[in-house]
Amino acid sequence: MLYDIRLHLHYDYAAAAGGGRHQIRVLPSTISGVQRVIAASLSFAPAPNERSDFSDFFGNNVTSIAFRDAHDALDIRMSARVSVSRPEPGLDVSPDIGRLRQELAAVRSLASDSPHHFLAGSAHSGIDAAITSYAQDSVGTSAAGTAMDLCNRIHRDFTYDGEATTVRTRASDAFRLKRGVCQDFSHIMIAGLRGLGIPAGYVSGFLRTIPPKGKPRLEGADAMHAWVKVWCGRDAGWQEFDPTNGMRASNDHITVGYGRDYSDVAPIVGVLKTTGGQVGEQAVDVIPVALEKV
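Everything numeric in this text was worked out from a predicted model, so none of it was measured.

Draft legend 1. Broad picture of the state of the cysteines. Taken as a whole and assessed by the stated rule, the structure comprises 0 disulfides. Free of any disulfide, C151 has its nearest neighbouring cysteine sulfur in C232, separated by 12 Å. Using a relative accessible area of 0% as the deciding quantity, one classes C151 as buried. Left unpaired, C182 is separated from the closest cysteine sulfur, that of C151, by 13 Å.

Quick look at the structure:
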């Protein structure tokens, strides 16, 4: 699939900010065997006094910006053309949890994709006894099968509610509420799998949404999305699951970045020199590109 993606983040400040520094993680990355970024751009209004672009430890695209002049609003616009071609899931060759632990112990690498980075509890996805107990009911004969079952159960047992949680909500709190958004369901699944000894991480990106039959697609109706990557052993490697929709990640999932949880891949983090609060808005368009026949 080929997509044109447009993102607009807008922030209004109650009082003019005298300065600020932010890190932005919204640009998709080229990922071997999964997706290719054909073109991408990122712009800001007002223009920052400083800007630098780099890759973080997990290989995510990061733009660091700084303002020294007073401003009462900030607009961030990203546009990209991305080709996504995920391989179809093949035969499940992942081991059971006991064998997975043996294979994990044999991994000596501490590179960014090492499963060791995704096994311990993290700020949003701490190991929680209640979540581990819930995940235990999904344990089957393979790591991938366990992950898929847990993914489906979260989709079935939890209610999508955009008002129930915030970006600061932890997995344990969302689990008790039994409601939340894609970020919460991903954190719950990550915490559950880690509690079982299965390495799991957070994926930030975009998801193409399909309007009801006969209805036009609404501009700006898409949003940033989150799902889960799971290390399923030496031979099966990393596989991705979307607990919000009860499915494996498909060609409709466009990846921005990977991390241990939301805090590693938040779209924007930073500090402001101001005395008031702020209000933010987000609009995303994920538009399939029709390929011309030659």
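Draft legend 2. Representation of the packing of helix α2 (residues 129–136) against helix α5 (residues 182–196) in the model. At a minimum axis separation of 8 Å, α2 and α5 run at an interaxial angle of 80°. Relative to α5, the element α2 lies roughly perpendicular. Along the contact surface, α2 presents I131, T132, A135 and Q136, while α5 presents I188, A191, G192, G195 and L196. Here the contact of α2 with α5 is built from residues that sort into 5 nonpolar, 4 polar and no charged.

Draft legend 3. Looking closely at the sheet that holds strand β12 (residues 247–248). The strand order across the open sheet formed by 5 strands is β12-β11-β10-β9-β13, and the pairing between neighbours is antiparallel. The open sheet is flanked by β12 and β13 (253–259), the only strands paired with a single partner. By the bridge criterion, 6 bridges tie strand β9 (residues 200–207) to β13 in an arrangement that is antiparallel. When the bridges of β13 are listed, Y202 appears paired with G259. Across the face of the sheet, helix α3 (residues 143–157) comes into contact with β10 (224–231), β11 (238–242) and β12 while running at roughly 15° to β11.

Draft legend 4. Spatial organisation of the pattern of salt bridges. Summed over all chains, the structure comprises 16 salt bridges. Residue R234 is joined to E103 by a salt bridge in which the shortest nitrogen-to-oxygen separation is 3.9 Å. Remark: E103 occurs in helix α1 (residues 97–105) and R234 occurs in the loop between β10 and β11; sequence separation between them is 131 residues. What makes E103 buried here is its relative accessible area of 8%. Between R208 and D252 there is a salt bridge; the shortest N-O distance is 3.0 Å. A residue pair is termed long-range when its members are at least 10 positions apart, and R208 in the loop between β9 and β10 and D252 in the loop between β12 and β13 qualify at 44 residues. Given a relative accessible area of 23%, R208 falls into the partly exposed group. Bridged by salt links that share partners, the residues R99, E103, R234 and D235 form one connected network.

Draft legend 5. Here's a closer look at the domain arrangement of the protein chain. Considered domain by domain, the protein chain is made up of domain 1 (2–84 + 267–288) and domain 2 (97–264). Inter-centroid distance (C-alpha atoms) of domain 1 to domain 2 is 24 Å. On the side of domain 2, 29 residues touch domain 1, which itself brings 26 residues to the contact. Taken together, both faces of the contact between domain 1 and domain 2 bury some 2,100 Å²; the carbon and sulfur share is 60%. Linking domain 1 with domain 2 are 0 salt bridges, by the criterion used here. The interface formed by domain 1 and domain 2 holds 6 residue pairs in polar contact (both at pLDDT 80 or more) in total. Listing elements by their share of the side of domain 1 that touches domain 2, those giving two or more residues are β1 (2–17), β6 (71–84) and β15 (278–288).

Draft legend 6. Inspection of the nonpolar core at higher detail. Of all hydrophobic cores here, the largest spans 38 residues; its most connected members are I154, I188, M189, L193 and V230. For this core, the element with the highest residue contribution is α5, accounting for 8 residues. For M189, the residues in contact, after removing those within four places along its chain, are A147, L150, C151, I154, V228, V230, F241 and P243.

Draft legend 7. Examining the environment of A66 more closely. You can see A66 is positioned in strand β5 (residues 61–67). Using a relative accessible area of 3% as the deciding quantity, one classes A66 as buried. Distance from A66 to S79, taken between C-alpha atoms, is 21 Å for residues 13 residues apart in sequence. In this structure A66 touches G20, R21, P48, N49 and E50, once residues within four positions along its chain are discounted.

Draft legend 8. Spotlight on α1. Of the residues making up α1, those classed as buried are I97, L100, E103 and L104. The buried residues of α1 occupy an angular sector of 110° when the element is viewed end-on, so they sit on one face. Of the surrounding elements, those touching the buried residues of α1 are α3, α5 and β10. Capping of α1 at its N-terminal end is provided by D96; its side-chain oxygen lies 3.3 Å from the backbone amide nitrogen of G98.

Calculation rules
- Residues numbered from 1 in each chain as written.
- Predicted model: local features only at pLDDT ≥ 70, side-chain atom pairs only at ≥ 80, totals over all residues.
- Heavy atoms only, no water.
- Disulfide = S-S within 2.5 Å.
- Buried < 20%, exposed > 50% of the residue type's maximum accessible area, 1.4 Å probe, protein only.
- Axes fitted to C-alpha atoms, helices over the stretch in contact; angles between N-to-C directions.
- Helix = DSSP H or I, 4+ residues; strand = E, 2+ residues; numbered from the N terminus.
- Parallel < 35°, antiparallel > 145°, perpendicular 65-115°, else oblique.
- Contact = heavy atoms within 4.5 Å.
- Nonpolar A, V, L, I, M, F, W, Y, C, P; charged D, E, K, R; others polar.
- Pairing = 2+ DSSP bridges.
- Salt bridge = Lys/Arg side-chain N within 4 Å of Asp/Glu carboxyl O.
- Domains from an automatic or database assignment.
- Buried area = accessible area lost by both parts, 1.4 Å probe.
- Polar contact = N/O pair within 3.5 Å; in protein donor to acceptor, adjacent residues only side chain to side chain.
- Core = buried A, V, L, I, M, F, W, Y, C linked by side-chain atoms within 4.5 Å.
- Arc of directions from axis to C-beta.

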